[in-house]
Amino acid sequence: MASLQPIPSLKIRLIVRICDCLGINRLFYFLNRNRKRILTYHNVLPDAHFQNCLLEGVSHCESVFREQIRSMARLYHFGLDLTDSHQLTLTFDDGYRNQYAVVHPILMQYGIKAYFFCALDLVLKSETLLIDELLLWLSSSKVGTYEIYLPSIAQPLIFDIQGE
């Protein structure tokens, strides 16, 4: 099975390693030690459904999320106090079902509480959010130039989709 995480280029790995050896990472951690840390997630999808495509640009696969939580739990104390700079606060946007089905059991396993925000359109209209519709469209569009006409905008939006 192929790795679900993109592999950083050799240059990036080298820069990260040099910064680590020189203590630059520790310096920045020290300089920010009294700042509040808030981490925001959107979707966390089961590994079997994660395809690492544009549509999932703001998504994580379950195994990567689980590893991130495991790693962070060793370094930070999680909490909901937005004024406590010693706590790491997790938030989840949009209110999709995967946050309950996938995220909730992982957070429960570690005893972590988090904020979950739900988009009103999902509750009132049961409609997919516009951003997700756009990501789906961009993920499935062929190379070319497209004009999108929206009622609220006089000029069309022009998208020029190019190959990788």
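Look above for the structure.
Small disclaimer: the values here were computed from a predicted structure and weren't measured. (Residues numbered from 1 in each chain as written. Predicted model: local features only at pLDDT ≥ 70, side-chain atom pairs only at ≥ 80, totals over all residues. Heavy atoms only, no water.)

## Considerations on the nonpolar core
Part 1: With 15 residues, the main nonpolar core has Phe65, Ile69, Leu90, Phe92 and Leu107 as its most contacted residues.
Part 2: Going through the elements one at a time, helix H3 (62-75), strand E5 (87-92) and helix H4 (97-110) are the ones with two or more residues in this core.
Part 3: When residues of this core are assigned to their parent elements, the largest contribution, 4 residues, is made by H4.
Part 4: With near-sequence residues (within four places) excluded, phenylalanine 92 lies in contact with Tyr41, Phe65, Gln99, Val103, Leu107, Ala114, Tyr115, Phe116 and Phe117. (Core = buried A, V, L, I, M, F, W, Y, C linked by side-chain atoms within 4.5 Å. Buried < 20%, exposed > 50% of the residue type's maximum accessible area, 1.4 Å probe, protein only. Helix = DSSP H or I, 4+ residues; strand = E, 2+ residues; numbered from the N terminus. Contact = heavy atoms within 4.5 Å.)

## Details of the pairing of E5
Part 1: The buried fraction of E5 is high, at 6 of 6 residues.
Part 2: Going residue by residue along E5, you find Gln87, Thr89 and Thr91 tucked away on one face and Leu88, Leu90 and Phe92 tucked away on the opposite face as well.
Part 3: Across 5 bridges, the pairing between strand E1 (residues 37-41) and E5 is parallel. Its bridge partner lying in E5, arginine 37 is registered against leucine 88.
Part 4: Where strand E4 (residues 77-78) and E5 come together, 2 bridges link them in parallel fashion. Along E5, the bridge assignment pairs histidine 77 with glutamine 87.
Part 5: The pairing of E5 with strand E6 (residues 115-116) spans 2 bridges and is parallel. (Pairing = 2+ DSSP bridges.)

## A few points about the pattern of salt bridges
Part 1: Under the counting rule described, the total for this entry stands at 3 salt bridges.
Part 2: Its salt-bridge partner being glutamate 62, residue arginine 66 comes within 3.3 Å of it at the nearest N-O pair. Of this pair, arginine 66 and glutamate 62 are both found in helix H3, 4 residues apart, which corresponds to roughly one turn of the helix.
Part 3: Arginine 66 gets classed as partly exposed once you look at its relative accessible area, which sits at 31%.
Part 4: Between arginine 70 and glutamate 67 there is a salt bridge, with its nearest N and O atoms 2.7 Å apart. Of this pair, arginine 70 and glutamate 67 both sit in helix H3, 3 residues apart, roughly one helical turn.
Part 5: On the accessibility criterion, arginine 70 (33% relative accessible area) is partly exposed. (Salt bridge = Lys/Arg side-chain N within 4 Å of Asp/Glu carboxyl O.)

## As for the packing of aromatic side chains
Part 1: Using the criterion set out here, one finds 5 aromatic pairs in the structure.
Part 2: For the pair tyrosine 115 and phenylalanine 117, a centre-to-centre distance of 6.3 Å together with 20 degrees between the ring planes defines the contact as stacked.
Part 3: The exposure class assigned to tyrosine 115 is partly exposed, which follows from its relative accessible area of 28%.
Part 4: In this structure, arginine 33 packs its charged tip against the face of phenylalanine 30, placed 3.8 Å from the ring centre. (Phe/Tyr/Trp six-rings, centres within 6.5 Å; stacked < 30°, edge-to-face > 60°. Lys NZ or Arg CZ within 6 Å of the ring centre and 35° of its normal.)

Functional significance is not addressed by these values, which are geometric in nature.
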